[in-house]
Amino acid sequence: VFVTRRIPAEGLRVLSQAGGCRVQQWDSEEPVPRAELLAGVAGKRGLLCLLSDRIDREVLEAAGPGLKVISTMSVGFDHLALEEIKKRGIRVGYTPDVLTDATAELSVALLLAACRRLPEAVEQVKSGGWTTWKPLWMCGYGLSDSTVGIIGLGRIGQAVARRLKPFGVKKFLYTSSRPKPACAAEFEAEFVPLTRLAEESDFIVVTCALTPATQGMCNKDFFSRMKKTSVFVNTSRGTVVNQEDLYDALAHGQIAAAGLDVTTPEPLPTDHPLLSLKNCVILPHVGSATYATRSTMAVLAANNLLAGLRGEPMPHELLL
């Protein structure tokens, strides 16, 4: 099997201790170069990859007909050419559920950082901008008695709502590919069109999957409908948001603030216009970055791979 990156030791141990499994690994914190990926996958029966590895037709052809299993250490799978993979009868494993809590926690942290202007406040302390207590200085927006809109009420969306409810949120709105009354009941969340969610929400959190329907859905029209006092947070995928439109909305005071854990591209260039804004908090895609979560993801990805190689049911298989 070929492992495309240095992963938590627990995951690698599962593979190395499995009988009859020879591991070749790109042992680096940095992504495997394309040429190394094509060479590494050649002749392999299994591939353990990451979200940053583009597994397309070229990679599948380089692997050859012996490739039986692809296991991705991620909940997302938009980096995989699923039609090509399906054609070749390759099984796919992924790691949902295990990163739900960590990503939901990070979403709430990012929301609070953006709405209460935390990075800006820290900078004021460091730069000497903090002179005395002032009634109107560094004021932001609170969650108490607010309306929160969630785009995508899946596992992570529900986990975010569960964590925000104790803050005293008055009302939850959500939009999804379809109504989810059973999931929404816990929060008394109302299923509404995207336009209404934009118009009525004080806080908007994007936790949907990237699909043709969601790509670029948060655009100029969307931001123009939001309140001037509302805060926008995205922890799903960068391309769900039109970043130029978001920049304009933030720069011209159309919305109050934004928090992003995902961008296009990743990493975001250091001279990107969004990084010049005080009211935009950007993190380097660390939604699942707790030691425990990353270790669990690695072990699950390894177990998916081994089960696939043995022709057994995977703990988490993506059914194509």
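Residues numbered from 1 in each chain as written. Predicted model: local features only at pLDDT ≥ 70, side-chain atom pairs only at ≥ 80, totals over all residues. Heavy atoms only, no water.

Identification of the protein chain as Glyoxylate reductase/hydroxypyruvate reductase from Pelecanoides urinatrix is taken from an unreviewed UniProt entry. Among the UniProt annotations of the protein chain, the heading Sequence similarities (unreviewed entry) holds the following wording: "Belongs to the D-isomer specific 2-hydroxyacid dehydrogenase family." (UniProt positions renumbered as here; feature names shortened; annotations may be inferred.)

S.K.: Before we move on, could you go through the overall build of the protein chain and cite the residues and values that matter?
M.R.: The secondary structure content of the protein chain amounts to 12 helices and 13 strands. Taken over C-alpha atoms, the radius of gyration comes to 21 Å for the protein chain, in line with the 20 Å a tight globule of 320 residues would show. Taking the principal axes of the C-alpha coordinates as reference, the protein chain spans close to 65 × 45 × 30 Å. Relative to its full complement of 320 residues, the protein chain shows a buried share of 47%. Restricting the contact set of the protein chain to residue pairs at least 6 apart, pairs at least 24 apart contribute 62%. Computed over 35 positive and 33 negative side-chain charges, the separation of the two mean positions in the protein chain equals 3 Å. (Helix = DSSP H or I, 4+ residues; strand = E, 2+ residues; numbered from the N terminus. Rg over C-alpha atoms; globule rule 2.2 N^0.38 Å. Buried < 20%, exposed > 50% of the residue type's maximum accessible area, 1.4 Å probe, protein only. Contact = heavy atoms within 4.5 Å. Lys, Arg positive; Asp, Glu negative; His and termini not counted. Charge placed at Lys NZ, Arg CZ, Asp CG, Glu CD.)

S.K.: Just give me the short version of the nonpolar core, but keep the residues and values in it.
M.R.: Buried together is how nonpolar side chains tend to be arranged in soluble globular proteins. If you look at the biggest cluster of nonpolar residues, it comprises 46 residues, and the most contacted ones within it are Leu15, Leu48, Leu111, Val148, Leu164, Phe172 and Val231. Among the secondary structure elements, those contributing two or more residues to this core are helix H5 (100-115), strand E6 (147-151), helix H7 (155-164), strand E7 (171-175), strand E9 (203-206), strand E10 (231-234) and helix H12 (291-309). Here this core gets seven residues from one element, more than from any other, and that element is H12. In this structure, this core is formed jointly by two domains, domain 1 (2-96 + 290-318) and domain 2 (99-282), each of which donates at least three residues. By size, the runner-up hydrophobic cluster in this structure holds 25 residues, among which are Val192, Cys208, Val241 and Leu250. (Core = buried A, V, L, I, M, F, W, Y, C linked by side-chain atoms within 4.5 Å. Domains from an automatic or database assignment.)

S.K.: Any details on the side chain of Thr147? Residues and values, ideally.
M.R.: In this fold, Thr147 is placed in strand E6. The class for Thr147 is buried, based on a relative accessible area of 10%. Once you skip the residues sitting within four places of it in the chain, Thr147 turns out to touch Lys170, Lys171, Leu173, Glu200, Ser201, Asp202 and Phe203.

S.K.: Pulling in residues and values, what's your account of the sheet that holds strand E12 (residues 280-282)?
M.R.: Backbone-to-backbone hydrogen bonds pair the strands of a sheet. The strands run either parallel or antiparallel. A sheet is described by the order of its strands in space; here seven strands give the open sequence E8-E7-E6-E9-E10-E11-E12, paired in parallel fashion. On the outer flanks of this sheet lie strand E8 (190-191) and E12, each paired with one strand and no other. By the bridge criterion, five bridges tie E6 to E7 in an arrangement that is parallel. Looking across to E7, one finds that Gly149 is bridged to Leu173. Its contacts with the sheet put H7 on E6, E7 and E9, and the angle it makes with E6 is roughly 165°. (Pairing = 2+ DSSP bridges. Axes fitted to C-alpha atoms, helices over the stretch in contact; angles between N-to-C directions.)

S.K.: Would you mind going over the pairing of strand E4 (residues 69-72) in detail, with residue names and values included?
M.R.: Sheet faces and side chains relate simply in a regular strand, where the side chains alternate between the two faces. The side-chain alternation of E4 yields two buried faces, one formed by Val69 and Ser71 and the other by Ile70 and Thr72. Here four bridges tie strand E3 (residues 46-49) to E4, and the two strands are oriented parallel to one another. Residue pairing for E4: Cys49 is matched across the bridge by Thr72. In this fold, E3 hands off to helix H3 (residues 57-63), which returns the chain to E4; that crossover is right-handed. Sheet topology places E4 next to strand E5 (residues 91-93); three bridges connect them, and they run parallel. Each residue of the ladder has a partner; that of Ile70, found in E5, is Val92. Viewed along the sheet, the connection from E4 through helix H4 (residues 82-87) into E5 turns out right-handed. (Right-handed = clockwise from strand over helix to strand, strands pointing away.)

S.K.: Give a detailed account of the UniProt feature "domain: D-isomer specific 2-hydroxyacid dehydrogenase catalytic" (unreviewed entry) in the protein chain, specifying residues and quantitative values.
M.R.: Taking the numbering used here, the UniProt-annotated feature "domain: D-isomer specific 2-hydroxyacid dehydrogenase catalytic" (unreviewed entry) corresponds to residues 1-317. Taken end to end, residues 1-317 comprises 35% helix and 14% strand; its first and last C-alpha atoms sit 18 Å apart.

S.K.: Before we move on, can you summarise the sheet that holds E4 with the specific residues and values?
M.R.: What the six strands build is an open sheet, ordered E2-E1-E3-E4-E5-E13; its pairing is mixed. Both outer strands of the open sheet, strand E2 (24-25) and strand E13 (317-318), are each paired with one neighbouring strand and no more. Inspection of the sheet shows strand E1 (residues 2-3) paired to E3 by two bridges, in the parallel sense. Bridge pairing in E3 links Phe2 to Leu47.

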